Amino acid sequence: MRRDGPAGAPQQRETLRTEFEFELPRGFVDESGTVHRNGAMRLATARDELIPLRDVRVRENPAYLSVVLLGRVITRLGTLASVHDGTVENMFASDLAFLQDFYRQINAEGHSRAAVSCPHCEEPFEVELAGSRLGES
């Protein structure tokens, strides 16, 4: 849908990006030994954040909340047919930490860029978190 903006200029409708691609630092290793690194995560809904609170595993161990939540919002990981909390709980700790940070970044900011400063000159700039491996520029 197009609407006219100020002075009759055509105004484009803004689209909301709801899915973000990522690359795990190590990768999930499935039962056959295949490593899955590339995936996608969608923005979380209020329902995504509320439903895990009813999960008995989360009630017994609140740290399990992020595992259940990530299992709901990761839409794709490599060639896996589906991703669920069982997939997430079998990931390496470094990949889980990466996904937790990635979740916070896209849901708080709405994008996968982070504002940082150069450690040498302190000049501010942005880095893209999605699709890059830790330690790579």
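Structure report, in brief. Everything quoted here is computed from the prediction, not taken from an experiment.

Right, let's get into the overall build of the protein chain. Helix and strand content of the protein chain: five helices and seven strands. Going from the N terminus to the C terminus, the protein chain shows its helices and strands as β-β-β-β-α-α-α-β-α-α-β-β. Scored against the burial criterion, the 137 residues of the protein chain give a buried share of 34%. Summed over all atoms, the accessible surface of the protein chain reaches about 9,200 Å², with 50% contributed by carbon and sulfur.

The next thing to look at is the sheet that holds strand 4 (residues 35-42). What the three strands build is an open sheet, ordered 3-4-5; its pairing is antiparallel. Two strands in the sheet have a free side with no partner beyond their single neighbour: strand 3 (19-29) and strand 5 (74-77). Taking the axes of each pair of neighbouring strands and ignoring which way they run, one obtains an average angle of 25° across the sheet. Two elements, strand 3 and strand 4, share seven bridges in a ladder whose sense is antiparallel.

Across the nine residues of helix 3 (residues 65-73), seven count as buried, placing the element largely inside the fold. All of the buried residues in helix 3 are Ser66, Val67, Val68, Leu69, Leu70, Gly71 and Val73. Its buried side turned inward, helix 3 meets strand 4, helix 1 (46-50), helix 2 (56-60), strand 5, helix 4 (85-89) and helix 5 (93-109).

Its place among the elements puts glycine 27 in strand 3. Since its relative accessible area comes to 0%, glycine 27 is described here as buried. Here glycine 27 is in contact with Val35, His36, Arg37, Phe92 and Asp95, once residues within four sequence places are set aside.

What follows concerns the state of the cysteines. Inspection of the entire model under this criterion finds zero disulfides. Cysteine 118 carries a free sulfur, and the closest cysteine sulfur to it, the one in cysteine 121, is 3.6 Å from it. When its relative accessible area of 19% is taken as the criterion, cysteine 118 is described as buried. Judged by relative accessible area, which is 53%, cysteine 121 ranks as exposed.

This brings us to the nonpolar core. Ranked by size, the top nonpolar core spans 24 residues in total, and within it Phe22, Met41, Leu70, Ile74 and Leu99 carry the most contacts. For this core, the secondary structure elements donating two or more residues are strand 3, helix 3, strand 5 and helix 5. Per-element tally for this core: the top contributor is helix 5, with six residues.

What follows covers the packing of helix 3 against helix 5. The geometry of helix 3 relative to helix 5 is characterised by a closest axis approach of 11 Å and an angle of 70° between their N-to-C directions. Classified by the interaxial angle, the pair formed by helix 3 and helix 5 is roughly perpendicular. Both helix 3 and helix 5 take part in a crossing whose hand is left-handed. In this structure, helix 3 contributes Ser66, Leu69, Leu70 and Val73 to the contact, and helix 5 contributes Leu96, Leu99, Gln100 and Tyr103. Looking at the contact of helix 3 with helix 5 residue by residue, the class counts come to six nonpolar, two polar and no charged.

What counts as what
Residues numbered from 1 in each chain as written. Predicted model: local features only at pLDDT ≥ 70, side-chain atom pairs only at ≥ 80, totals over all residues. Heavy atoms only, no water. Helix = DSSP H or I, 4+ residues; strand = E, 2+ residues; numbered from the N terminus. Buried < 20%, exposed > 50% of the residue type's maximum accessible area, 1.4 Å probe, protein only. Areas by Shrake-Rupley, 256 points an atom, 1.4 Å probe, with all protein chains shown as cover. Pairing = 2+ DSSP bridges. Axes fitted to C-alpha atoms, helices over the stretch in contact; angles between N-to-C directions. Contact = heavy atoms within 4.5 Å. Disulfide = S-S within 2.5 Å. Core = buried A, V, L, I, M, F, W, Y, C linked by side-chain atoms within 4.5 Å. Parallel < 35°, antiparallel > 145°, perpendicular 65-115°, else oblique. Left-handed = near helix turned anticlockwise from the far one by under 90°. Nonpolar A, V, L, I, M, F, W, Y, C, P; charged D, E, K, R; others polar.

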